[in-house]
Amino acid sequence: MKIDVDHVAKLARLGLTEEEKKLFGGQLSSILDYAAILQKLDTTNVLPTSHAIPMENVLREDKVIPCQNVKPILANGPEVTDHMFKVPKIIE
Amino acid sequence: MHNKSAHELQELLAAGKVSSVELTKAVIHRIEQVENKVQAYVTVTKEEALKQAQVADERLKRKENITPLTGIPIAVKDNMCTAGLLTTCSSKILANYIAPYDATVVTKLKEAGAVIIGKTNMDEFAMGSSTENSGLHPTFNPWKLETVPGGSSGGSAAAVAADEAIMATGSDTGGSIRQPASFCGVVGFKPTYGRVSRYGLVAFASSLDQIGPITKDVTDSALFLNLLAGYDAKDSTSVSLPVPDYTKALVNNVKGMKLGFIKELLGQGIDSAIKEAVQKALKKFTELGAELIEVSLPSFEYAVATYYLIAPAEASSNLARYDGVKFGHRSKEAKDLLTMYYNTRREGFGNEVKRRIMIGTYALSAGYYDAYYLKALKVRTLIKQDFAKAFAKCDLLLSPTAPSVAFKTGEKLSDPLSMYLSDIATIPVNLAGLPAISLPCGLQNRLPIGLQIIGQEFGEEAILRAAFTYEQNTDWHKQKPTL
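The present account deals with the structure reproduced in this document. As the structure is a computational prediction, the values presented were derived from the model and not from experiment.

**Structural notes on the overall build of chain B**
Then, in step 1: Along its length, chain B carries 15 helices and eleven strands.
Then, in step 2: What you see for chain B is a C-alpha radius of gyration of 21 Å, in line with the 23 Å of a compact globule of 483 residues.
Then, in step 3: Projected onto its principal axes, the C-alpha positions of chain B cover 65 × 55 × 45 Å.
Then, in step 4: In chain B, buried positions account for 67% of the 483 residues.

Structure (structure tokens):
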């Protein structure tokens, strides 16, 4: 199993060094080769399970609740101006 | 004092024979003595703990509102949010993150008057089976310092085993409470999915994650679960079933219980010393009046592969939030937004986290979704069906918790797949959402062996009854490491 490491890393927004690409390329291939044993199982007519315990969507009353901890939330920001998180320029 | 269980200490506290401040000081003293060897903690909150102990003492003096955990020093795994304290998930990307709110389990601990003594080390974002993947420092097994404590709740298990905490919280996605409990010779209980609120637990794989207690004995496990369990409006996956008093399940009697032992987990791939210890435990149960049945769960062979597609897929989505915008590390080399993402995530995440994000992204990507992710979800159905068939014949299922005792530091680091296979007995339980406990059942060369008891959905009481009976009739839980 050969994986396009560059493509996957780009999708995952992971910058990788050349060394990491080589290391992960090999390791991911062997993990996915191992995962191929699932293909041996016949799963026609088997429904997928995304939650082991039956789940229902939960809705709460549509009511505004004040946010009490704005200060500590903003204090975690790497770059904050007033009440905003700053990021590098997006549009030239 | 630090080497006693919570229920023993609660008696002393309630009788006024010892104060919470004295107890907390004793535990801090113990931490100062052994922490340089074990390295179980990321943060020790000495001063804050002593303040909480004072408040607990006042509560104990007034005899008001006393709970079984009032005044007891408890450690919290560092992926559970604690307002005003570091919550790092043992990751460089969250190394300076101060949670703006408490996780529901932390709120419950505070309300009960417990003393939060510190935050414990773990594999980064709970991804790992040895705590070697911590982005901060490794933790060492108190029984033999050259071996790993297991993972990902390795810090919590090591802290309890080394008497650096009376109890600790853990989280379990594929065995992360039970396997370290097994390696460190303590009791670890993963409740049914939905039994304990995950609000404020930093998400790894949301359909599998569950919080539970790590304790010195089964009685403490029941006491701790009484506090943790229950519906929480802040976690839409928590379940609104009533919470029983789990201490009522602590009955020293297994007569008439039907116990199934899992054939696949007493065969190939399991060390002979482990098999022997578990066989002895099975024999003990029959002597105590339980009926033993051999059961086969053929889909177990596929569980590790299934898990290592589903968990990374969920993780790759959950960990997309670490982008350097609102919290955590941001790369200094960020001339535009995209390079900021790339560099922040490269610098902030460790190898195992990167590996799992890559596997998950791949399994969810166009052209591979059906073959990997969807296929894994279908096999998950088969695993659940196998459990249902087994439980039609018996009340509980028994197996080893791990295929070996604690392995040497560094031994499995370069081979991720062999590390993954150390979770072979615990992973199927998470895939099916079931509750399971690990408790000590033997020693091999002074390293603990764990027995896993699996129950049906919300069948925590039957597990506790069997575990309690075993514990009352053996003395493995009394064995202690010498540090």
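Still to come is the rest of the account.
**Quick notes on the side chain of K119 of chain B**
Residue and element names in this part refer to chain B.
Then, in step 1: Within the secondary structure, K119 is located in strand β3 (residues 115-120).
Then, in step 2: A polar contact of 3.0 Å, which involves the side chain of K119, links it to the backbone oxygen of M80.
Then, in step 3: A polar contact is formed between the side chain of K119 and the backbone oxygen of L86, at a distance of 3.2 Å.
Then, in step 4: Not counting residues within four places of it along the chain, the set of residues in contact with K119 comprises Y41, V42, T43, V76, K77, D78, M80, T82, L86 and T87.

**Focus on the environment of R380 of chain B**
Then, in step 1: Among the structural elements, R380 of chain B can be located in helix α12 (residues 370-391).
Then, in step 2: A sequence separation of 81 residues divides R380 of chain B from S299 of chain B, and the C-alpha atoms of the two residues are 9.0 Å apart.

**A few points about the environment of Y470 of chain B**
Residue and element names in this part refer to chain B.
Then, in step 1: Structurally, Y470 can be placed in helix α15 (residues 460-472).
Then, in step 2: Counting along the chain gives 182 residues from Y470 to L288, while the straight-line C-alpha distance between them is 8.6 Å.
Then, in step 3: Contacts of Y470, omitting those with residues within four sequence positions, involve A281, K284, F285, L439, P440, C441 and W476.

**Considering the nonpolar core**
Then, in step 1: With 97 residues, the main nonpolar core has F285 and I453 of chain B as its most contacted residues.
Then, in step 2: When sequence neighbours within four positions are dropped, the list of residues in contact with F285 of chain B reads V254, L259, A290, L398, L451, I453, A466 and Y470 of chain B.

**Regarding the interface of chain A and chain B**
Then, in step 1: Each partner contributes residues to the interface: chain A has 51 residues there, and chain B has 65 residues.
Then, in step 2: A buried area of about 5200 Å², summed over both sides, lies between chain A and chain B, and 70% of it is on carbon and sulfur atoms.
Then, in step 3: The tally of links between chain A and chain B comes to three salt bridges.
Then, in step 4: The partner of R330 of chain B in a salt bridge is E79 of chain A, and the shortest N-O contact between them spans 3.2 Å.
Then, in step 5: Residue assignment for the side of chain A that touches chain B shows that the elements contributing at least two residues are α1 (5-11), α2 (18-35) and α3 (70-75) of chain A.
Then, in step 6: Per-element tally for the side of chain A that touches chain B: the top contributor is α2 of chain A, with ten residues.
Then, in step 7: For the side of chain A that touches chain B, the class distribution of residues is 33 nonpolar, twelve polar and six charged.

**Things to note about the pairing of strand β10 (residues 436-444) of chain B**
Residues and elements named next belong to chain B.
Then, in step 1: Along β10, seven of the nine residues are buried, which leaves the element largely enclosed by surrounding structure.
Then, in step 2: Bridge count for strand β5 (residues 187-190) against β10 is three bridges, and the pairing is antiparallel. Following the sheet pairing, K190 is matched in β10 by A436.
Then, in step 3: Taken together, the eight bridges between β10 and strand β11 (residues 447-454) define a ladder with antiparallel strand orientation.

Parameters and conventions
Residues numbered from 1 in each chain as written. Chains lettered and ligands numbered in written order. Predicted model: local features only at pLDDT ≥ 70, side-chain atom pairs only at ≥ 80, totals over all residues. Heavy atoms only, no water. Helix = DSSP H or I, 4+ residues; strand = E, 2+ residues; numbered from the N terminus. Rg over C-alpha atoms; globule rule 2.2 N^0.38 Å. Buried < 20%, exposed > 50% of the residue type's maximum accessible area, 1.4 Å probe, protein only. Polar contact = N/O pair within 3.5 Å; in protein donor to acceptor, adjacent residues only side chain to side chain. Contact = heavy atoms within 4.5 Å. Core = buried A, V, L, I, M, F, W, Y, C linked by side-chain atoms within 4.5 Å. Buried area = accessible area lost by both parts, 1.4 Å probe. Salt bridge = Lys/Arg side-chain N within 4 Å of Asp/Glu carboxyl O. Nonpolar A, V, L, I, M, F, W, Y, C, P; charged D, E, K, R; others polar. Pairing = 2+ DSSP bridges.

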